[in-house]
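As a plain string of letters, each chain reads:
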Amino acid sequence: MKYISNILLLLLVLAVGSCSEDFLDTFPTDQLGSDQVLGTIENQRAALEGIHRHMYGVGGSQDERAGYGNMMINYDFLGHDVVNPQRGSGWFINVHKWIEHRDNSSSLVTHTYDYFYSMIANANNIINSIDAIEGDENEKKNIKGQAYFYRAFAHFNMVQLYAPRYRPGEANNQLGIVINLDDLNNLGEPKARSTVDEVYDQIESDLNAALQNLTSSTVSHTDKSQIRANVVNGVLARVALTKGEWANAITYARAARQGFTLTPNSELTQGFNNDGASGWIWASHVIPDHGTFFASFFAYMSYNYSSTHIRNNPKCINADLYDLIPSTDVRKGFWAVTPAERAAINIPSNFAKYAYMNTKFEALPSGTIGDGDVVLMRVAEMILIEAEANAHLGNDVAARTVLFELVSERDPNAVLSTNSGQALLNEILVQRRIELWGEGFNFLDLKRLNLPLNRPQRGSFNLTHAAITNVAPGGPEWQYLFPISAININPLLQQNP
């Protein structure tokens, strides 16, 4: 991973330099060690803010600059619930066709690899240096806890993409990813891939260290870009769900939503662009003059941003999934199907309108900036995790009760489910697909549950721009290839089949 070291150091310096332009004038950026960059508590905090900024805006080609929002779009374009009706600007087409993640020289695999290892290395610089500097211990614990979280979060994404799925109840000795705990001053020699079990052990160790540091610090933040104990518990719930540790998933999901309430329908229909929504636990708060505009999440997933991509190619829902939503459910209004529904969408006349197009995500203001706050974790997701975990455990009554907490808010005519066993689990998974549509979960859910990709050829589905309709679960095509650039630098990095 030496090949990204100069890029990573520059990211750190730029993050620190945003607080002090004089700093950049004092030291040449190519001669700085991380101990110089991070020698004060102020610079440690600035470096952490740089990682927060990394979540919603980075360098790269236009379709890559949305930070983690770009990853969310890729995860949904690889799934079967977000439909791409036309070519638009061409962005994400080869992702949707299941071509780009299987090309070892593609922008997707290279950018994804660099993106998450950049996050890891920048977190490592904080973790490995902060104890030695002077500063308030509570502030140091808060910064260090957040850095531990980001290291875990990046490794968690990487192992889900580049490794085979975690097999609950089995030994997971299949090849995972390279675990990186080194800072920029000590990137070390090439490393081999650890096993999937070893990677998950490291992820959980870091999340627990994050929780310990954050809960033992008196520093608190109201900004939802900052990592708090709720967010750490939420990712612990995701990890437990992926590993099939159902009881832990329930415990962590409940802890994650402590102090938060489910977003009411009155807020749910306001465009998914404001981190002030009551049900949002974690979000990227996008400062308007720091936005990525044509490269933002909303420039690709909203219905109203004035870009070639949105004007020609609004994102639509899988028609089969749409048909499963009751007519009295408020979420039915997230998609316009009939001519009258499409005519009612307030967008300029040069915007294309397709059946089943979404109005869930609205760019602000009036489509001119393209930026809104990007949702990363919600109460609804934690409710769905708790319901799914209970269903896997055979706790049907508990699963129905938790599920009803969500559906009764979304649909005034909802009734408590009478399903049990697999039928109840299927019902919960359908609700998960509806509620979290477009928020970056579909591909990862299919992979963790070992389910097939199944794209129905109806609605606004376009075979030309999707290329494939079905993929059986468990095959090598469910893994990203490692970029050839990384393998050229690290001869111990074994390529996926």
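Residues numbered from 1 in each chain as written. Predicted model: local features only at pLDDT ≥ 70, side-chain atom pairs only at ≥ 80, totals over all residues. Heavy atoms only, no water.

Caption draft 1: Local environment of unusual backbone geometry. Positioned with a positive phi, Phe 272 is a non-glycine residue whose angle comes to about 50 degrees. Mapping Phe 272 onto the fold places it in the loop between helix 12 (265–268) and strand 2 (280–284). One non-glycine residue, Asn 450, lies in positive phi territory at about 55 degrees. By the element assignment, Asn 450 lies in the loop between helix 20 (442–448) and strand 7 (453–454). (Helix = DSSP H or I, 4+ residues; strand = E, 2+ residues; numbered from the N terminus.)

Caption draft 2: Structural view of the packing of helix 10 (residues 229–243) against helix 17 (residues 379–393). Here helix 10 crosses helix 17 at 35 degrees, and the two axes come no closer than 11 Å. The two elements helix 10 and helix 17 meet at a crossing, and its hand is left-handed. Counted together, Gly 234, Ala 237, Arg 238 and Leu 241 of helix 10 and Glu 381, Met 382, Ile 385 and Glu 388 of helix 17 form the full contact between these two elements. Of the residues that constitute the contact of helix 10 with helix 17, the class distribution is four nonpolar, one polar and three charged. (Axes fitted to C-alpha atoms, helices over the stretch in contact; angles between N-to-C directions. Left-handed = near helix turned anticlockwise from the far one by under 90°. Contact = heavy atoms within 4.5 Å. Nonpolar A, V, L, I, M, F, W, Y, C, P; charged D, E, K, R; others polar.)

Caption draft 3: Layout of the pattern of salt bridges. Enumeration according to the criterion identifies 24 salt bridges in this entry. Among the salt bridges present, the one from Glu 245 reaches Lys 243, with a minimum N-O distance of 3.3 Å. For Lys 243, a relative accessible area of 8% translates into the label buried. For Arg 448, the salt bridge identified is with Asp 445, shortest N-O distance 3.0 Å. With Arg 448 and Asp 445 both in helix 20, this residue pair falls three residues apart, about one helical turn. With respect to burial, Arg 448 and Asp 445 carry one shared label: buried. Among the charged side chains, a network of salt bridges with common partners joins Asp 329, Arg 331, Lys 360, Arg 378, Arg 410, Glu 435 and Glu 439. (Salt bridge = Lys/Arg side-chain N within 4 Å of Asp/Glu carboxyl O. Buried < 20%, exposed > 50% of the residue type's maximum accessible area, 1.4 Å probe, protein only.)

Caption draft 4: Layout of the nonpolar core. Core analysis: the largest hydrophobic core is formed by 149 residues, its most contacted members being Tyr 68, Phe 149, Tyr 150 and Trp 282. With 13 residues, helix 8 (residues 137–162) is the single largest residue contributor to this core. Sequence-distant contacts of Tyr 68, that is, excluding residues within four places in its chain, are made with His 54, Met 55, Tyr 56, Tyr 75, Tyr 115, Phe 116, Phe 153, Asn 157 and Leu 376. (Core = buried A, V, L, I, M, F, W, Y, C linked by side-chain atoms within 4.5 Å.)

Caption draft 5: Region of interest: helix 7 (residues 107–127). Across its 21 residues, helix 7 extends 30 Å between first and last C-alpha, which sits within 8% of the 30 Å expected from 1.5 Å per residue. Helix 7 sits mainly inside the fold: 19 of its 21 residues count as buried. (Expected span 1.5 Å × (residues − 1).)

Caption draft 6: Inspection of the packing of aromatic side chains at higher detail. For the structure shown, the criterion picks out 30 aromatic pairs. Geometrically, the ring pair formed by Tyr 166 and Tyr 200 is edge-to-face, given 5.1 Å between the ring centres and 70 degrees between the ring planes. Note that Tyr 166 is positioned in the loop between helix 8 and helix 9 (196–215) and Tyr 200 in helix 9, a separation of 34 residues in sequence. Like Tyr 200, Tyr 166 is buried. Taken together through their ring pairs, the aromatic side chains of Tyr 68, Tyr 75, Tyr 115, Phe 116, Phe 149, Tyr 150, Phe 153 and Trp 282 make up a single cluster. (Phe/Tyr/Trp six-rings, centres within 6.5 Å; stacked < 30°, edge-to-face > 60°.)

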